[in-house]
Amino acid sequence: MSDMITDPKSPQSPQLFDDATVAEFNTAQLDTVQSDTAQLNRAQTVLRGFQQQNADQLLEGLNPQQQQAVRHSGTPLLIAAGAGSGKTTVLTRRIAYVLATQPVRASQILAITFTNKAAAEMRERVQQIVGAEANYMWVSTFHSMCVRILRREADHIGYNRNFTIVDPGEQRTLMKRILKNLNLDPKKWNERAILGTISNAKNDLIDEVAYANLAGDMYTEIVAKCYTAYQKELRQSEAMDFDD
């Protein structure tokens with residue numbers, strides 16, 4: 001699908017959920033007919049009609065390939081396209097289309113991008129279409145999403161939810177101090193190399209205890225000592241690194 005999307009000159013995004021009549025049905029009207037099943041069914045039918053009408057508006061200004069991508073459902077979808085080809089437009093319209101046509105809550109939608117700038121742009125464009133619903137979505141970078149999950153679940157792994165994340169410079173400073181405390185020659189034992197080995201171990205889901213048990217030569221035994229001291233310092237400081 002590498003040629004699936006071409007730019008339709010960035011069409012103006014329609015307002016999906018700002019219609020006053022739809023809002024009225026979503027709140028007061030539906031609440032007042034709960035006791036009458038027939039009236040409730042009629043109200044829901046009217047509301048679905050409004051939702052479908054707004055969903056159809058999301059396809060306006062898109063070419064056939066983009067419309068196909070927005071409407072697609074039921075199976076995973078991969079879209080490959082170059083810069084300026086309308087990918088963000090398709091993604092934001094697709095999010096709004098799913099909300100309008102599927103039994104999906106905004107809090108169930110996850111949109112991941114690579115940079116903070118791109119995430120902010122996507123969040124703003126989604127907000128322009130769906131309004132306040134966007135506040136309940138997960139629209140962020142990969143790292144921001146992971147931090148959000150960690151802060152919510154940190155107490156399950158013995159951390160405070162207000163933990164900090166050490167950057168590479170802080171990692172090197174910490175490892176230099178550890179090498180000094182262990183009386184290791186910094187000319188022979190490079191902090192970058194040791195941190196790289198620890199990073200690889202973490203990416204393989206090997207913690208400091210497991211690594212120490214696996215150590216079988218002088219280098220891995222030294223790394224094991226540094227790894228243990230490094231993790232102890234991080235925990236005492238209520239800190240994590242990016243590999244965590």
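**Comments concerning the packing of helix H4 (residues 87-101) against helix H5 (residues 116-130)**
Part 1 of the argument: Where H4 meets H5, the axes come as close as 10 Å, and the angle between the chain directions of the two elements is 40°. Relative to H5, the element H4 is oriented oblique. By crossing handedness, the relation of H4 to H5 is classed as right-handed. Contacts between H4 and H5 involve Thr88, Thr89, Leu91, Thr92, Arg93, Ile95, Ala96 and Leu99 on the former and, on the latter, Met122, Arg125, Val126, Ile129 and Val130.
Part 2 of the argument: In terms of residue class, the contact of H4 with H5 is made up of 8 nonpolar, 3 polar and 2 charged.

**Structural notes on unusual backbone geometry**
Part 1 of the argument: In this model, Leu205 sits at a positive phi of 60°, which is unusual for a non-glycine residue.
Part 2 of the argument: Mapped onto the secondary structure, Leu205 falls in the loop between helix H8 (191-203) and helix H9 (208-214).
Part 3 of the argument: Phi at Glu238 takes a positive value of approximately 50°, unusual for a residue other than glycine.
Part 4 of the argument: Tracing the backbone shows Glu238 in the loop between helix H10 (218-236) and strand S4 (239-240).

**Quick notes on the confidence of the model for the protein**
Part 1 of the argument: Per-residue confidence for the protein averages 81 on the pLDDT scale, and 78% of its residues sit at or above 70.
Part 2 of the argument: Here residues 1-11 is modelled with pLDDT under 50, and outside its nearest four sequence neighbours on either side it reaches 32 contacts, counting other chains as well.
Part 3 of the argument: Ignoring residues within four places in sequence, the model shows residues 43-50, a span with pLDDT below 50, making 12 contacts including any to other chains.

**A look at a nonpolar patch on the surface**
Part 1 of the argument: Taken together, the side chains of Leu110, Ile112 and Phe142 define a hydrophobic patch exposed on the protein surface, amounting to about 290 Å² of accessible area.
Part 2 of the argument: Of note, Ile112 is situated in strand S1 (residues 110-113).
Part 3 of the argument: When its relative accessible area of 38% is taken as the criterion, Ile112 is described as partly exposed.

**Description of the pairing of strand S2 (residues 138-141)**
On a regular strand, each side chain points to the face opposite its neighbour's, so the side chains alternate between the two faces of the sheet.
Part 1 of the argument: Inspection of the sheet shows S1 paired to S2 by 4 bridges, in the parallel sense. For Thr113, the partnering residue across the bridge sits in S2 and is Thr141.

What counts and what doesn't
Residues numbered from 1 in each chain as written. Predicted model: local features only at pLDDT ≥ 70, side-chain atom pairs only at ≥ 80, totals over all residues. Heavy atoms only, no water. Axes fitted to C-alpha atoms, helices over the stretch in contact; angles between N-to-C directions. Helix = DSSP H or I, 4+ residues; strand = E, 2+ residues; numbered from the N terminus. Parallel < 35°, antiparallel > 145°, perpendicular 65-115°, else oblique. Left-handed = near helix turned anticlockwise from the far one by under 90°. Contact = heavy atoms within 4.5 Å. Nonpolar A, V, L, I, M, F, W, Y, C, P; charged D, E, K, R; others polar. pLDDT = per-residue confidence, 0-100. Patch = residues over 30% accessible without salt bridge, like charges linked within 9 Å, V, L, I, M, F, W, Y side chains within 5 Å. Areas by Shrake-Rupley, 256 points an atom, 1.4 Å probe, with all protein chains shown as cover. Salt bridge = Lys/Arg side-chain N within 4 Å of Asp/Glu carboxyl O. Buried < 20%, exposed > 50% of the residue type's maximum accessible area, 1.4 Å probe, protein only. Pairing = 2+ DSSP bridges.

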